[in-house]
Amino acid sequence: MPAPDPTQDRFATLPDSPFPRLNALIEGIAPGKPPIVMSLGEPQHPFPELVTTTIAAHAREFGKYPPIVGTPEFRAAIAGWLSRRYALGPDVIGAKKPLDPELQILPLNGTREALFNIAFVATPLSKNGKRPAILMPNPFYQCYAAAALAAGAEPVYVAATRENGFLPDFASLPEDLLARTALIYICSPANPQGAVASLDYLKELIGLARRHNITLAVDECYAEIYDREPPAGALQAAMELAGAPRADAFDNIIVFHSLSKRSSLPGLRSGFCAGDRELMMRFRNFRNIAAPQVPMPIMAASAAVWSEESHVVENRARYRRKIDMAERFFGNRFGFYRPAGGFFLWLDVGDGEAAARELWAKAGVKVLPGKYLSREDSLGDSGNPGKAYIRVALVESEAATEEALSRMAEVL
């Protein structure tokens, strides 16, 4: 089959999925030891039992079409969690509060579908007479690039490297690019580097978005997996900028959260988004036609899980112990550092593809080359910022993780 013509196929420049690329890389190579998968960020920790009991109690509701806006109980649980987690006030329900659960919170089938779909709502046909641009960190979540291309925008990959603390410097981009930018994706804590955006970084980014009329899509799916301090959030930064509860406090901002990482429930496919009142209304109208609903029993279970914190504390402690293991095995080698958030190691091994092959062939450990999460930078000449790295997902049990890290340290 001939290669797609980039002038005729808007997906001609779509990045390949990293996981088929990894499988092709190690195809035909027998694992040197019993396999341990550290390539996929799929949490393997226990999830709270109240999930199954709540779903069972609401099982009859599988016989109903769920509302796209969610149930009042779901929205109230999310509003309460956001208020507690990001200090939005003692009660976010009320006309004088900046976040209205009726209008500014939506349930999601996990966050990937909404991170993709938001680009359709936020991207005009043209901006300032030019093709719109969508900015994203590099390395990046492939969904961001797919969303940009599907919406007819130019994906612009902005380097997130050790030199800038693994957080892209969007403000340094040319004014003509910012003038046609419709949407900025940012992930904090970052996948794969674990960098956390400070309140100051978020405030400056919000200011940039508002000056240029850009929607800021903040992927905060790893916000509850952190090493020392709870990561700041975009809604929190916006509240501090506003100085007081205001209806426009969250203008230009939409945040995305999920139970996949926080509560080890990737298969539940449950998340939410919240933010800018007008944008959320448009997004609700779009999703009412084009997006999947969240089943009623899933929303009931999700509301219960968002209201329960003890399992989150236990989950976070497990990840912290695994980071401790990694520090013991790698110390100051391979650019090791304790990630401030998330559950990935981002190790500088010189050549990520070669290291991934070797770790599979000699140790039976499957890791992801950083090159597969990155592209050549759209600006500058820094090349592919992930080429030298491997991403290691610390999602297995503590025993399996320790075994895998031990094998990796021996081989590397």
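Residues numbered from 1 in each chain as written. Predicted model: local features only at pLDDT ≥ 70, side-chain atom pairs only at ≥ 80, totals over all residues. Heavy atoms only, no water.

The subject of this paragraph is the side chain of Arg407. Along the polypeptide, Arg407 turns up in helix 15 (residues 398–411). Apart from the residues lying within four places of it in its own chain, the contact partners of Arg407 are Lys33, Pro34, Ile36, Ala363, Gly364 and Val365. (Helix = DSSP H or I, 4+ residues; strand = E, 2+ residues; numbered from the N terminus. Contact = heavy atoms within 4.5 Å.)

Attention now moves to the pattern of salt bridges. For the structure shown, the criterion picks out 19 salt bridges. Where Glu154 meets Arg180, a salt bridge forms, and the shortest distance between an N and an O atom there is 2.6 Å. Taken together, the residues span a long stretch of sequence, with Glu154 in strand 4 (residues 154–159) and Arg180 in the loop between helix 7 (175–179) and strand 5 (181–187) at a distance of 26 residues. What makes Glu154 partly exposed here is its relative accessible area of 26%. Since its relative accessible area comes to 17%, Arg180 is described here as buried. Residue Arg407 pairs with Glu403 through a salt bridge whose shortest N-O separation is 2.9 Å. Of this pair, Arg407 and Glu403 both sit in helix 15, four residues apart, roughly one helical turn. The exposure class assigned to Arg407 is buried, which follows from its relative accessible area of 7%. (Salt bridge = Lys/Arg side-chain N within 4 Å of Asp/Glu carboxyl O. Buried < 20%, exposed > 50% of the residue type's maximum accessible area, 1.4 Å probe, protein only.)

Position of Trp81 relative to the elements: it lies in helix 3 (residues 72–86). On the basis of relative accessible area, Trp81 is assigned to the buried category, the value being 1%. Trp81 sits 228 residues away from Glu309 along the chain, and the two C-alpha atoms are 9.8 Å apart. Excluding residues within four positions of it along the chain, Trp81 makes contact with Tyr86, Glu224, His257, Arg262, Phe272, Trp306 and Glu309.

Let us look at the packing of aromatic side chains. Throughout the structure, instances matching the rule amount to 16 aromatic pairs. Plain terms: the ring middles of Trp81 and Phe272 are 6.3 Å apart, the flat faces sit at 75° to each other, and that makes the pair edge-to-face. Remark: Phe272 occurs in strand 8 (residues 271–275) and Trp81 occurs in helix 3; sequence separation between them is 191 residues. Accessibility assignment for this pair places Trp81 and Phe272 in one class, buried. For the ring pair Phe330 and Phe334, a centre distance of 6.0 Å and an interplane angle of 80° mean the geometry is edge-to-face. (Phe/Tyr/Trp six-rings, centres within 6.5 Å; stacked < 30°, edge-to-face > 60°.)

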